[in-house]
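Read off the chains here:
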Amino acid sequence: MLDCLPQTIEPIGLADAGRSFRGEIAVSEFERLRPLLADTDGVLQVSLSLRRDERGMRVAEGSIAGEIRLVCQRCLQAMEFPLQVEFRLAIVTSEAEIEPLPPGYEPLLATGELLRTAEVIEDEVLLRIPAVAMHSGVGRCDSGYRNRPVAEKDNPFSILEKLKT
Ligand SMILES: [Zn+2]
């Protein structure tokens, strides 16, 4: 059964109960991501399941889908960045448990207190975005340059015209 994504989660209890959620998170809720964004419009679709797996380990799994707009570090224009993220987290209750995690799992440190759902999801988004965002390919930055007038001295044909006369 799918419930609406809550604002806060207590991962240990939810994993023991085996609960699944689906919902949306507004991009504007991601406070650490905000400085990297061209704007904070839009929402991300999030699914989140917490359970104990066959080994008895508490896990949180899910997906994040949507689009954010980063700032291209070359032309400083907005750059569409589609997100299609699958994540698998092992819910650990102390730093000591982080080390022996099975491969493919990232730790989610939970101490019985409520965690903001948006922050847990934001961590996964931050892991996936490039350290330096840039439009891919040389030609892709042109939206930022299109409006710049071509200076006379940069135009090779005007130089040729001068040589002729
Ligand atoms: Zn660019």
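Numbering of residues begins from 1 in every chain and follows the order in which that chain's sequence is written. Owing to the predicted nature of the model, reporting of local features is limited to residues with pLDDT of at least 70; listing and counting of side-chain atom pairs is limited to 80 or more, with chain, interface and lining totals taken over all residues. By convention in this description, side-chain values take in all heavy atoms of the structure and omit both hydrogens and water.

**Some words on the coordination of the zinc ion**
Note on metal geometry: ideal angles are 109.5 degrees for four donors arranged tetrahedrally and 90 or 180 degrees for six donors arranged octahedrally.
Part 1 of the argument: Only Cys72 (SG), Cys75 (SG), His135 (ND1) and Cys141 (SG) from the protein reach the zinc ion as donors, at distances of 2.0 to 2.3 Å.
Part 2 of the argument: Any nitrogen, oxygen or sulfur atom within 2.8 Å of a metal ion counts as a donor, with the limit raised to 3.2 Å for Na, K and Ca, and since water is left out, coordination shells can look unfinished. For a four-donor site, all angles between 85 and 135 degrees give tetrahedral; for four or six donors, opposite pairs above 155 degrees with the remaining angles between 65 and 115 give square planar or octahedral; all remaining cases count as irregular. Considering all four donor atoms around the zinc ion, the spread of angles at the metal, 105 to 116°, places the coordination shape in the tetrahedral class.
Part 3 of the argument: Mapped onto the sequence, the donors of the zinc ion take the spacing C-x2-C-x59-H-x5-C. Of this pair, Cys75 sits in the loop between strand 6 (58–71) and strand 7 (78–92) while Cys141 is found in the loop between helix 2 (117–128) and helix 3 (142–145), placing the two residues 66 residues apart along the sequence. Assigned by exposure class, Cys75 and Cys141 land together as buried. A run of H or I in DSSP counts as a helix once it spans at least four residues, and a run of E counts as a strand once it spans at least two, with each numbered from the N terminus. Whether a residue is buried, partly exposed or exposed follows from its accessible area with a 1.4 Å probe, protein chains only, as a fraction of its type maximum: under 20%, in between, or over 50%, in that order.

**So, the nonpolar core**
Part 1 of the argument: Here, the term nonpolar core denotes a set of buried Ala, Val, Leu, Ile, Met, Phe, Trp, Tyr and Cys residues that are joined through side-chain atoms within 4.5 Å. Formed by 37 residues in total, the largest nonpolar core has its most connected members in Ile68 and Val125.
Part 2 of the argument: Counting residues per element, this core draws most heavily on strand 7, at seven residues.
Part 3 of the argument: Within the second largest apolar cluster, six residues are counted, among which are Ala90, Val92, Leu101 and Tyr105.

**Let's talk about the side chain of Glu61**
Part 1 of the argument: For Glu61, the position within the fold is in strand 6.
Part 2 of the argument: By relative accessible area, which is 19% here, Glu61 ends up buried.
Part 3 of the argument: In protein, a polar contact means a hydrogen-donor-capable atom and an acceptor-capable atom, both N or O and within 3.5 Å, with residues adjacent in sequence counting only if both atoms are side-chain atoms; elsewhere, any N or O pair within 3.5 Å suffices. Within polar-contact distance, the side chain of Glu61 engages the side chain of Arg51 at 3.0 Å.

**Thoughts on unusual backbone geometry**
Part 1 of the argument: Here Leu76, not a glycine, exhibits a phi torsion of approximately 60°, which is positive.
Part 2 of the argument: Along the chain, Leu76 falls in the loop between strand 6 and strand 7.

**Details of the pairing of strand 6**
Part 1 of the argument: Here strand 6 lies mainly inside the structure; ten of its 14 residues are buried.
Part 2 of the argument: Strand pairing is assigned whenever DSSP identifies at least 2 bridges connecting the two strands. Of the strand pairs in this sheet, strand 4 (residues 37–39) and strand 6 are connected by two bridges, and their pairing is antiparallel. Each residue of the ladder has a partner; that of Asp39, found in strand 6, is Arg69.
Part 3 of the argument: Relative to strand 6, strand 5 (residues 43–52) runs antiparallel, the two sharing eight bridges. The residue of strand 6 that forms the bridge with Leu50 is Ala60.
Part 4 of the argument: In sequence, strand 5 turns back onto strand 6 through a hairpin of five residues, with Gly56 there showing a positive phi of about 90°.
Part 5 of the argument: Of the strand pairs in this sheet, strand 6 and strand 7 are connected by 13 bridges, and their pairing is antiparallel.

**Comments concerning the pattern of salt bridges**
Part 1 of the argument: Only one rule defines a salt bridge in this text: a Lys or Arg side-chain nitrogen within 4 Å of an Asp or Glu carboxyl oxygen. This structure, assessed with the given rule, holds twelve salt bridges.
Part 2 of the argument: As a salt-bridge pair, Asp39 and Arg69 come within 2.9 Å of each other at their nearest N and O atoms. Of this pair, Asp39 sits in strand 4 while Arg69 is found in strand 6, placing the two residues 30 residues apart along the sequence.
Part 3 of the argument: Take Asp39: its relative accessible area is 23%, and that puts it in the partly exposed class.

**Let's talk about the environment of Leu44**
Part 1 of the argument: Tracing the backbone through its elements, the reader meets Leu44 in strand 5.
Part 2 of the argument: Any pair of residues with heavy atoms lying within 4.5 Å of one another is described as a contacting pair. When sequence neighbours within four positions are dropped, the list of residues in contact with Leu44 reads Gly23, Glu24, Ile25, Val27, Phe30, Ile64, Ala65, Gly66, Glu67, Ile68, Leu83 and Val125.

**Details of helix 2**
For an α-helix the count is 3.6 residues per turn, leaving residues at separations of three or four pointing the same way.
Part 1 of the argument: One fewer than the residue count of a helix, multiplied by 1.5 Å, yields its expected span. Compared with an ideal rise of 1.5 Å per residue, which puts twelve residues at 16 Å, helix 2 spans 18 Å between its outermost C-alpha atoms and is within 8% of the ideal.
Part 2 of the argument: Those residues of helix 2 that sit buried are Thr117, Ala118, Val120, Ile121, Glu122, Glu124 and Val125.

**As for the pairing of strand 5**
Part 1 of the argument: As defined by bridge partners, strand 3 (residues 19–26) adjoins strand 5 across eight bridges and the pair is classed as antiparallel. Bridging across to strand 5, Arg22 finds its partner in Ser47.

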